[in-house]
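Architecture at a glance
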Amino acid sequence: MKRLLFLLFPVLALCTTPARAQWSPLGYDASKVHSHNDYSSAAPFTAAYDARCGSIEADIVLSGNELYVTHNTGDINASRTLRKLYLEPIIERYRANGDRPYPDRDYSFCLVLDIKQGGADAVAKVFEQIGSDLDVFDTSTNPLAVKIIFSGSRPAASTWADYPAYVWFDHTSPDLSSLNAAQRSHLGMISLQYGNYLTVTDLNELTVMEYATLKSLVTRADGIPVRLWEAPDNERAWYVLANSGMGYVNTDQPASCADYFENYRRSRYPALALDREYAPGAADVPLVLTRPYDAPVYEAFRIDGTPETSGSLRPSTLSPGRHSVEYRIRSASVLTVVETSVQIR
């Protein structure tokens, strides 16, 4: 049997953020929480709004002359309209707070409308219902306006430039090359399915290469907020996604996720240690960085001074004894090095 014991010996701290009594990954707070399928909660809009979520999502269907909050036409409930569940409560709170979304915070939130039926007609109907309260949602003139982002069966990107500046859309690919500058000016979010990029469900087991995949999605988005839907939905996942730079953390637990970021303490996640057994000739072991998520970009690692690029440790090629593993983390022009010793028996 070969047993691997990973023991952390930091040379330089991974996180360059000064230690504070209360700290959120990358400065995250509830404003980076996306309440996924918010309409299905016990308190649509209200619970996510009270939790200060920065993005709130509802599925909508245009049927007849009304917009209903539902996933499909077969589940339409006449009492569950977009106007009643979202538009009117948003406008009411906005006015009550002195023409701002919150009385005590200088940021707004996004209302993501996932169009299930209606397309461009649904977009037009939304603003028809908003009517004279357009200033509440006009992000072109009001920095505290609520940003409406259309998703799902939204109009084709070729038409986006024809819409007013306060109409926003999401994109379903990290590749922006198909969009011209005018179309990009209406791009409010990039929504990607987690399973198209990663399959790992326990983000305690995330390898350095998988973490680099998350980082690359953010980099390719060129500053547009990225959201991964159907991603693992627990504290560790929230932590990892936040530190990879995701614009929003997708969750079906908005109150818990918002509370996590608002009250996060760094000490809740001590350094991880791996303690596993492998039989002779075992398959390569994916290297897992010890607390890599404070680091902006993973660059490379070395075993006993030899550069490795495959993202895995080969126990069958290493002799018994202690081996040196060096992780190299680059943030802008700053190179951070962390060394770990590996004991093979």
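Everything in this summary refers to the structure shown in the same document. Given the structure is predicted, the values throughout are model-derived calculations rather than measurements.

Some points on the pattern of salt bridges
- Inspection of every chain in the model, using the stated rule, returns 11 salt bridges.
- Between Arg184 and Asp222 there is a salt bridge, and its shortest N-O distance comes to 3.9 Å. A residue pair is termed long-range when its members are at least 10 positions apart, and Arg184 in helix α4 (residues 181–184) and Asp222 in the loop between α5 (208–220) and β9 (226–229) qualify at 38 residues.
- In the salt-bridge network here, residues are joined through shared partners; they are Arg95, Asp99, Asp133 and Asp135.

Things to note about helix α6 (residues 235–243)
- Of all 9 residues that make up α6, 8 are buried, and the element is covered over most of its length.
- Against α5, β9, β10 (249–251) and α7 (254–263) lie the buried residues of α6.
- Looking at the residues trailing α6, positive phi occurs at Gly245, about 100°.

Digging into the nonpolar core
- Counting 74 residues, the largest nonpolar core has Tyr86 and Phe150 as the members making the most contacts within it.
- With 7 residues, the top contributor of residues to this core is helix α2 (residues 82–96).
- Residues in contact with Tyr86, not counting those within four places in the same chain, are Asp38, Tyr39, Pro44, Phe45, Ile56, Glu57, Ala58, Val69 and Leu111.
- Counting 6 residues, the second largest nonpolar core, distinct from the first, contains Cys110, Val112, Ile149 and Trp168.

Re unusual backbone geometry
- Phi at Asn37 takes a positive value of approximately 50°, unusual for a residue other than glycine.
- Relative to the assigned elements, Asn37 resides in the loop between β2 (33–35) and α1 (46–50).
- With a phi close to 60°, Asp99 is a non-glycine residue in the positive phi region.
- As for its position among the elements, Asp99 is in the loop between α2 and β5 (110–117).
- Taking relative accessible area as the criterion, Asp99 reaches 42% and is therefore assigned partly exposed.

Quick look at the side chain of Thr70
- With respect to the helices and strands, Thr70 occurs in the loop between β4 (66–69) and α2.
- Accessibility expressed as a relative area gives 5% for Thr70, which makes it buried.
- If we ignore the near neighbours within four places in the chain, the residues touching Thr70 are Tyr39, Asp59, Ile60, Val61, Asp75, Ile76 and Lys116.

What about the environment of Asp170?
- Mapped onto the elements of the fold, Asp170 is located in strand β7 (residues 168–171).
- Overall, Asp170 belongs to the buried group, its relative accessible area being 1%.
- As a C-alpha pair, Asp170 and Gly152 span 18 residues in sequence and 8.4 Å in three-dimensional space.

Concerning the pairing of strand β6 (residues 147–152)
- One ladder, built from 6 bridges, connects β5 with β6; its direction is parallel. The residue bridging Val112 from the neighbouring strand is Ile149, located in β6.
- Between the parallel elements β5 and β6, the chain passes through helix α3 (residues 119–130) in a crossover that is right-handed.
- With 2 bridges connecting them, β6 and β7 associate as parallel partners. Across the sheet, the residue bridging to Ile149 is Trp168, located in β7.

Overview of the packing of α2 against α3
- Packing of α2 against α3 brings their axes to within 11 Å, and their N-to-C directions diverge by 60°. It follows from the interaxial angle that α2 and α3 lie oblique. Considering only the axes of α2 and α3, their crossing is right-handed. In contact with Leu82, Arg83 and Leu87 of α2, α3 contributes Val126, Gln129 and Ile130.
- Taken together, the residues of the contact of α2 with α3 sort by class into 4 nonpolar, 1 polar and 1 charged.

Some thoughts on the packing of aromatic side chains
- Taken as a whole and assessed by the stated rule, the structure comprises 14 aromatic pairs.
- With a centroid separation of 5.3 Å and an interplanar angle of 55°, the aromatic rings of Phe127 and Tyr166 are classed as tilted. Residue Phe127 is located in helix α3, and its partner Tyr166 is located in the loop between β6 and β7; the two are separated by 39 residues in the primary sequence. Assigned by exposure class, Phe127 and Tyr166 land together as buried.
- One aromatic cluster in this structure is built from Phe45, Tyr49, Tyr86, Tyr102, Tyr107 and Phe109.
- Directly above the ring of Tyr49 sits Arg93, whose terminal nitrogen or CZ lies 5.4 Å from the centroid.
- Here the guanidinium or amino end of Lys147 rests over the ring plane of Trp168, the centre of that ring lying 4.0 Å away.

Here's the deal with the pairing of strand β3 (residues 55–63)
- Counting buried residues in β3 gives 8 out of 9 residues, a clear majority hidden from the surface.
- Pairing of β2 with β3 involves 2 bridges; the strand directions are parallel. Considered in β3, the bridge of Ser35 is made with Ile56.
- Strand direction decides the pairing type here: β3 and β4, joined by 4 bridges, are antiparallel. Across the sheet, Val61 pairs through a bridge with Tyr68, a residue of β4.

Criteria and cut-off values
Residues numbered from 1 in each chain as written. Predicted model: local features only at pLDDT ≥ 70, side-chain atom pairs only at ≥ 80, totals over all residues. Heavy atoms only, no water. Salt bridge = Lys/Arg side-chain N within 4 Å of Asp/Glu carboxyl O. Helix = DSSP H or I, 4+ residues; strand = E, 2+ residues; numbered from the N terminus. Buried < 20%, exposed > 50% of the residue type's maximum accessible area, 1.4 Å probe, protein only. Contact = heavy atoms within 4.5 Å. Core = buried A, V, L, I, M, F, W, Y, C linked by side-chain atoms within 4.5 Å. Pairing = 2+ DSSP bridges. Right-handed = clockwise from strand over helix to strand, strands pointing away. Axes fitted to C-alpha atoms, helices over the stretch in contact; angles between N-to-C directions. Parallel < 35°, antiparallel > 145°, perpendicular 65-115°, else oblique. Left-handed = near helix turned anticlockwise from the far one by under 90°. Nonpolar A, V, L, I, M, F, W, Y, C, P; charged D, E, K, R; others polar. Phe/Tyr/Trp six-rings, centres within 6.5 Å; stacked < 30°, edge-to-face > 60°. Lys NZ or Arg CZ within 6 Å of the ring centre and 35° of its normal.

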